[in-house]
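The lines below spell out each chain.
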Amino acid sequence: MNVMDDERWMREAIVQARHAESLGEVPIGAVIVRDGAIVGAGYNLRERDRDPTAHAEMIAIRQASERLQAWRLLGCTLYVTLEPCPMCSGAILQSRVERVVYGASDPKAGCAGTLMDLLQDSRFNHMSPWTSGVLQEECSALLTDFFRRLRGR
């Protein structure tokens with residue numbers, strides 16, 4: 001993948017994040033791409049579904065697995081607007097996602113380099129290389145603006 005491809009697909013993840021925002025959810029979005037096509041997409045639905053596992057990545061992984069009829073997401077890249085948390089990092093490893101690209105770092109729960117690096121821990125039987133900071137300003141602004149509006153209420 002090249003930088004232009006990463007930006008293209010991150011823009012698609014941002015579209016997903018805006019869907020979450022329109023529902024009053026924290027604006028985080030994800031897409032999973034294989035062979036130049038989106039095979040899974042998701043956005044944060046924790047509040048609506050009252051489900052702590054309804055993160056953008058988890059929803060995208062489920063959708064991609066269903067679409068591809070496989071739990072192993074070989075050859076897939078996950079694009080997500082916010083660095084994956086421990087739960088999502090675990091699901092990424094379990095589903096064998098080949099690569100992860102994220103926009104904004106997460107200083108409170110980031111497990112792709114910020115607090116720890118679960119995705120590159122050689123003790124696991126799979127590792128997913130990651131790239132950070134793709135459209136970072138746009139991804140960060142989505143979250144900053146959302147929480148600023150929330151605090152303003």
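How each quantity is defined
- Residues numbered from 1 in each chain as written.
- Predicted model: local features only at pLDDT ≥ 70, side-chain atom pairs only at ≥ 80, totals over all residues.
- Heavy atoms only, no water.
- UniProt positions renumbered as here; feature names shortened; annotations may be inferred.
- 1 Å grid on protein atoms, 1.4 Å probe; cavity = no way out; pocket = protein on both sides within 12 Å on 5 of 7 lines; lining within 4 Å.
- Helix = DSSP H or I, 4+ residues; strand = E, 2+ residues; numbered from the N terminus.
- Contact = heavy atoms within 4.5 Å.
- Buried < 20%, exposed > 50% of the residue type's maximum accessible area, 1.4 Å probe, protein only.
- Pairing = 2+ DSSP bridges.

A separate point is the UniProt feature "binding site: Zn(2+)" (unreviewed entry) in the chain. Here the UniProt-annotated "binding site: Zn(2+)" (unreviewed entry) positions come out as H55, C85 and C88. Spatial clustering of the annotated residues is evident: they stretch over 34 residues in sequence, but the largest pairwise C-alpha distance comes to 9.3 Å. Considering only the residues just annotated, the largest pocket is lined by H55, C85 and C88. Of note, C85 is situated in the loop between β3 (77-82) and α4 (86-94). If sequence neighbours within four positions are ignored, C85 has contacts with H55, A109 and C111. Setting aside anything within four residues of it in sequence, one finds C88 in contact with H55, E57 and M58.

The next thing to look at is the pairing of strand β1 (residues 29-34). The buried fraction of β1 amounts to five of the six residues, a majority that puts the element mostly inside the structure. Hairpin connection of β1 to strand β2 (residues 37-43): two residues between the antiparallel strands, including D35 at a positive phi of 55 degrees. One ladder, built from four bridges, connects β1 with β3; its direction is antiparallel. Paired with I32 across the strands is L78, a residue of β3.

The five strands lie next to each other as β2-β1-β3-β4-β5, forming an open sheet whose pairing is mixed. Only two strands of the sheet have a single partner each, and these edge strands are β2 and β5 (130-131). As paired elements, strand β4 (residues 99-104) and β5 share two bridges and run parallel to each other. Along β5, the bridge assignment pairs V100 with W130.

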